[in-house]
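Spelled out from the first residue to the last, the chains are:
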Amino acid sequence: MSNFNMAAIQEFEITYLGSAANVAEHSFKNGRVFHIDFAERGIKPLIITVAYDADDKKFWTSVPEGRQEMAEQVGKLVAAYIRNKKKEICVTTTAKKSPVPSLFD
């Protein structure tokens, strides 16, 4: 999927402008980055991360800088995927019942 040199923590797919985009999340000492490979010809791969502005407000940015608008659009899709995945895990975890009867039943 990704030819980025760091090992990916997770890989998933999002849809950007109607086409598939493969996302690989990479972690390093000071944070994490997302490497996006677009299926659409003509769109170069993108690396994004979360940064903080002067007011300590989070925003998505490209690495290196220069593709800010795309970084913000794709970053929102990545964030939505991760939020939805966390919700699924929480629902699955809390919905499971133990197959072993409780001593208190």
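Preceding block: the structure.
Residues numbered from 1 in each chain as written. Predicted model: local features only at pLDDT ≥ 70, side-chain atom pairs only at ≥ 80, totals over all residues. Heavy atoms only, no water.

Peer 1: Help me get a handle on the overall build of the chain, residues and values and all.
Peer 2: Helix and strand counts for the chain stand at 1 helix and 5 strands. Starting at the N terminus and ending at the C terminus, the chain contains elements arranged as β-β-β-β-β-α. Put simply, the chain has 105 residues, and 29% of those count as buried. When the accessible area of the chain is evaluated, it comes to approximately 7,900 Å², of which 54% is carbon and sulfur surface. (Helix = DSSP H or I, 4+ residues; strand = E, 2+ residues; numbered from the N terminus. Buried < 20%, exposed > 50% of the residue type's maximum accessible area, 1.4 Å probe, protein only. Areas by Shrake-Rupley, 256 points an atom, 1.4 Å probe, with all protein chains shown as cover.)

Peer 1: Let's hear about the environment of Lys58: which residues, and what values?
Peer 2: Mapped onto the elements, Lys58 comes out in strand 5 (residues 58-62). What Lys58 contacts, discounting residues up to four positions off in sequence, is Val50, Ala51 and Tyr52. (Contact = heavy atoms within 4.5 Å.)

Peer 1: How would you explain the packing of aromatic side chains if you had to name every residue and give the values?
Peer 2: Summed over all chains, the structure comprises 3 aromatic pairs. Note on Tyr16 and Phe38: the rings are 5.5 Å apart at their centroids and 55° apart in plane angle, and the pair reads as tilted. Here Tyr16, found in strand 1 (residues 10-16), pairs with Phe38, found in strand 3 (residues 31-38); they are 22 residues apart in sequence, far enough to count as distant. Using a relative accessible area of 11% as the deciding quantity, one classes Phe38 as buried. (Phe/Tyr/Trp six-rings, centres within 6.5 Å; stacked < 30°, edge-to-face > 60°.)

Peer 1: Break down the pairing of strand 4 (residues 46-52) for me, citing the residues and quoting the values.
Peer 2: Note that strand 3 and strand 4 share 3 bridges and pair antiparallel. Bridged to Phe34 within strand 4 is Ile48. Pairing of strand 4 with strand 5, which is carried by 5 bridges, proceeds in the antiparallel orientation. The residue of strand 5 that forms the bridge with Ile48 is Ser62. The turn joining strand 4 and strand 5, which pair antiparallel and follow one another in sequence, is formed by 5 residues; a positive phi near 65° is taken by Asp56. (Pairing = 2+ DSSP bridges.)

Peer 1: Hey, could you go over the pattern of salt bridges for me, with residue numbers and the actual values?
Peer 2: Under the counting rule described, the total for this entry stands at 1 salt bridge. Measuring nitrogen to oxygen at the nearest pair gives 2.9 Å for the salt bridge that ties Glu25 to Arg32. Note on Glu25: relative accessible area 4%, which makes it buried. Overall, Arg32 belongs to the partly exposed group, its relative accessible area being 41%. (Salt bridge = Lys/Arg side-chain N within 4 Å of Asp/Glu carboxyl O.)

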